[in-house]
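# A closer look at the structure
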Amino acid sequence: MKRAFVIGHPIKHSRSPLIHGHWLAEHVIDGSYEAIDVAPADLPAFLDRIRSGEFVGGNVTVPHKEDVFRLVDFSDVDTVHLGAFNTLIGQPTQTGIGIYGTNTDLYGFLANLDAGAPGWSDGLENAIVLGAGGAARAVAAALSLRTTGNTYVLNRTIERAEVLCADLRGNLRPAALDRFAELAPSAGLVVNTTTIGMHGTRFDGLALDRLPKSALVTDIVYVPLETPLLADARALGLRTVDGLCMLLHQAVPGFEAWFGVRPEVTPALRAKIEATL
Ligand code: NAP
């Protein structure tokens, strides 16, 4: 039986076992996907359980994403510049099994918008990313592949936005959050990657009314499903896409690598996860 995992500390909140369990049952696969609490000090020893063949791989969440980056044996060249991995895959080598690290948030973010707002990047010039944390890196990298103009990374701590833009490729521009009103009129897309929106919190005085009427607003926070940012954007008649299906789509490449079947993000899966929010 093939065994996969999600590790974090704590890990009880993770919805990943529900997602992968749904696909294992759907495809009648003899496999398992377990949530395992791994303390930071135990991380190197835990990863050896992939090298020994006990696990085929797994997902990694807070606080281990940056640490596993330094502990894997090979890296995905397309996501290595993000500085963090959320997916580990055991791969045969000449001497045994090595660990391949990749970051599927970039794929998940793009796949969510492609499914939720088809054609969203056709003719897209400028975009605004709110936040410069771990998730913002994947989002900014994704947008640098799909925009023809600039992606502005606005963060409360401007230095963090500056480091992000320097680390990643593409036309990324750091800015302070208070420049939103000035940059909004030329932005076709706004993405929230900050933790604002969780527990109903909202941005203070974000001038969404300065955006073009054609702009798309999306939030990667998915609890609540409709964040105050999305509600405000919808009230202004702007298009919106919520962040739940980013979580579902980012799980696809890992499942395919571990279990050999490319699973689908279906309305039934979304409904199952939505019921847990
Ligand atoms: P993180 O690395 O801790 O970054 C947090 C970001 O939020 C930073 O930019 C931080 O700004 C900003 N922030 C926090 N409180 C703020 C405030 N009061 N005012 C202004 N900015 C504030 O977190 P992360 O890992 O990037 O995750 C961010 C969110 O994305 C989480 O809610 C996570 O659940 C969600 N997420 C969703 C998905 C998905 O699949 N949908 C995937 C990944 C993450 P400073 O730099 O100034 O502190």
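Conventions used here
- Residues numbered from 1 in each chain as written.
- Predicted model: local features only at pLDDT ≥ 70, side-chain atom pairs only at ≥ 80, totals over all residues.
- Heavy atoms only, no water.
- Salt bridge = Lys/Arg side-chain N within 4 Å of Asp/Glu carboxyl O.
- Helix = DSSP H or I, 4+ residues; strand = E, 2+ residues; numbered from the N terminus.
- Buried < 20%, exposed > 50% of the residue type's maximum accessible area, 1.4 Å probe, protein only.
- Core = buried A, V, L, I, M, F, W, Y, C linked by side-chain atoms within 4.5 Å.
- Contact = heavy atoms within 4.5 Å.
- 1 Å grid on protein atoms, 1.4 Å probe; cavity = no way out; pocket = protein on both sides within 12 Å on 5 of 7 lines; lining within 4 Å.
- Points joined across faces, edges and corners; volume = space filled by probe spheres on them.
- Nonpolar A, V, L, I, M, F, W, Y, C, P; charged D, E, K, R; others polar.

Okay, the pattern of salt bridges next. For the coordinates displayed, the defined rule picks out 15 salt bridges. Measuring nitrogen to oxygen at the nearest pair gives 3.4 Å for the salt bridge that ties R3 to E54. Here the residue R3 occupies a position in strand β1 (residues 2–8), and E54 occupies one in the loop between α2 (43–51) and β3 (57–60), the gap between them amounting to 51 residues. Given a relative accessible area of 24%, R3 falls into the partly exposed group. Counted as one network, the salt bridges with shared partners bring together R3, E34, R49 and E54.

Glancing now at the nonpolar core. Counting residues in hydrophobic clusters, the biggest one holds 30 residues, and the most contacted among them are F109, W120, L143, V153, L164 and L189. Counting only elements with at least two residues in this core, the list comes to α4 (105–116), β7 (126–130), α5 (134–146), α6 (158–167) and β10 (187–192). Considering every element that reaches this core, the biggest residue donor is α5, with 7 residues. Once you skip the residues sitting within four places of it in the chain, F109 turns out to touch V139, A142, L143, V191, T218, I220 and M246.

Space inside the largest pocket adds up to approximately 1,500 Å³. The set of elements that each furnish at least two residues to the lining of the largest pocket consists of β3, α3 (65–69), α5, β11 (196–199) and α9 (244–250). Per-element accounting of the lining of the largest pocket gives the leading share, 4 residues, to α5. A per-class count over the lining of the largest pocket returns 19 nonpolar, 19 polar and 7 charged. Looking at the second largest pocket, its volume works out to about 170 Å³. In this structure, the second largest pocket is lined by 16 residues; those nearest its centre are D76, T102, N103, T104 and P253. Looking at the lining of the second largest pocket, the elements that each hand over two or more residues are β5 (87–92), β6 (97–102), α4 and α10 (252–259). With 4 residues, α10 is the largest single contributor of residues to the lining of the second largest pocket. Its residues assigned to classes, the lining of the second largest pocket comprises 6 nonpolar, 6 polar and 4 charged.

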